[in-house]
Amino acid sequence: MQQTTVDRIDQVAEDVVSLVLRAAAGPLAPWGPGAHIDLALPNWLTRQYSLCGDPADRQSYRIAIRYDPLSRGGSEYIHRFLRQGRTLEVSLPRNHFPLEPAPEYLFLAGGIGITPLLPMLRTAVESDIPASLVFLGQSLATMPFVDELRSTCGDRVRVVPTKQQGRPDLGALGSALDPGALVYCCGPASLLAAVEDVFPAERLRTERFHPVARSFAPNTEFEAVCTRSGRTVRVPSDESLLDALTHAGYPVSAGCREGVCGSCALTVVDGEPEHRDDVGAPAGRMYACVSRALSARLVLDI
Ligand code: FES
């Protein structure tokens, strides 16, 4: 973890504040566009936020948080109680949504989904790679960083308040793209579903706020063998692997507990995981908050 101090709190749109977190000592860990950090809040909650500042700035991180009326305590704490000068611990940046090399980019942001895409667009612009951003939100008042985007990226940015203008024709947006262009999208589920209908999976990179609704076979009990201690932990059908390990005394970091943030990644040495996450677990890894086992035992590097 890294120690930071809340340097600035700015209202950047209706119900959205940005935080600038300044390093308490020494430079902060480097990051690239698409990365996020876990924020350890003083109310004992941990929440994940995309970094939306300048990757070259090693003295501070910037994040933005929309107030969620159904908040489980994270955005509510930040909006109502967090004050300038407060010390906060943040994790090292993690990136499950990296900017991959491409001859052209189309970025599609919905609301607070602008946060990971903002540094992506700036990076592409600074690298002279053709790139454009379509930023959708209900109204201008709800859309953060519009002035900043327009001043730094000019006519590469198209701002669409959908209550007035409706959603643009996504197919038309993609029709003039280079055949090797990548499309990056972050926003609400309805936008992601529409984008997935239009763009083929090999050209599309997405990041979700919430998991996709899916159904799985009923949970079954399995065993988790923890190689470092040699202990075996029983994971009953009504408990997650994350909770079973935590209750057995193995501290596994966790954030969303919904399979979207990647905080709870574990290395699988043997056995067959049943992946239920929306991060996209690489080979040999699994996310303990939602994923389970297809085999009777999983051997974990823990
Ligand atoms: S805690 Fe977020 S993916 Fe598991």
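Residues numbered from 1 in each chain as written. Predicted model: local features only at pLDDT ≥ 70, side-chain atom pairs only at ≥ 80, totals over all residues. Heavy atoms only, no water.

Draft legend 1. Region of the structure containing the environment of A293. Mapped onto the elements, A293 comes out in strand 17 (residues 292–293). Residue classification places A293 among the buried positions, given a relative accessible area of 6%. Spatially, the C-alpha atom of A293 lies 18 Å from that of A248, the residues being 45 residues apart in sequence. Apart from the residues within four sequence positions on either side, A293 is in contact with T220, F222, E272, P273, E274 and L298. (Helix = DSSP H or I, 4+ residues; strand = E, 2+ residues; numbered from the N terminus. Buried < 20%, exposed > 50% of the residue type's maximum accessible area, 1.4 Å probe, protein only. Contact = heavy atoms within 4.5 Å.)

Draft legend 2. Region of the structure containing the environment of D270. Looking at the secondary structure, you find D270 in strand 14 (residues 265–270). Residue classification places D270 among the partly exposed residues on the basis of a relative accessible area of 49%. Considering only alpha carbons, one finds D270 and V299, 29 residues apart in sequence, at a separation of 4.8 Å. D270 has contacts with R297, L298 and V299, leaving out every residue within four places of it along the chain.

Draft legend 3. Geometry of the sheet that holds strand 2 (residues 16–23). Across the sheet, 6 strands lie side by side as 4-3-6-1-2-5; this open sheet has antiparallel pairing. The open sheet is flanked by strand 4 (46–50) and strand 5 (60–66), the only strands paired with a single partner. For this sheet the average axis-to-axis angle between neighbouring strands, irrespective of direction, equals 40°. Looking at chain direction, strand 3 (residues 36–40) and strand 6 (residues 87–90) are connected through 2 bridges and run antiparallel. Counterpart to A40 in the pairing with strand 6 is E89. (Pairing = 2+ DSSP bridges. Axes fitted to C-alpha atoms, helices over the stretch in contact; angles between N-to-C directions.)

Draft legend 4. Representation of the domain arrangement of the chain in the model. Here the chain is partitioned into domain 1 (2–90), domain 2 (105–207) and domain 3 (222–300). Distance between the C-alpha centres of domain 1 and domain 3: 28 Å. Between domain 1 and domain 3 lies a buried interface of about 390 Å² when both sides are counted; carbon and sulfur atoms form 33% of it. Where domain 1 meets domain 3, there are 0 salt bridges. (Domains from an automatic or database assignment. Buried area = accessible area lost by both parts, 1.4 Å probe. Salt bridge = Lys/Arg side-chain N within 4 Å of Asp/Glu carboxyl O.)

Draft legend 5. Highlighting the sheet that holds strand 7 (residues 105–110). The strand order across the open sheet formed by 5 strands is 9-8-7-10-11, and the pairing between neighbours is parallel. Since the sheet does not close on itself, it has two edges, and those belong to strand 9 (157–161) and strand 11 (204–208), each with one partner. For this sheet, the mean angle separating the axes of adjacent strands, direction not counted, is 15°. Taken together, the 6 bridges between strand 7 and strand 8 (residues 131–137) define a ladder with parallel strand orientation. Among the inter-strand pairings, A109 is bridged to a residue of strand 8, identified as F135.

Draft legend 6. Looking closely at the side chain of E104. With respect to the helices and strands, E104 occurs in the loop between strand 6 and strand 7. In this structure, E104 is buried with no salt-bridge partner, the nearest side chain bearing the opposite charge being R203 at 6.9 Å. Ignoring anything within four residues of it in the chain, the contact list for E104 reads I129, P130, L177, D178, A181 and L182. (Lys, Arg positive; Asp, Glu negative; His and termini not counted.)

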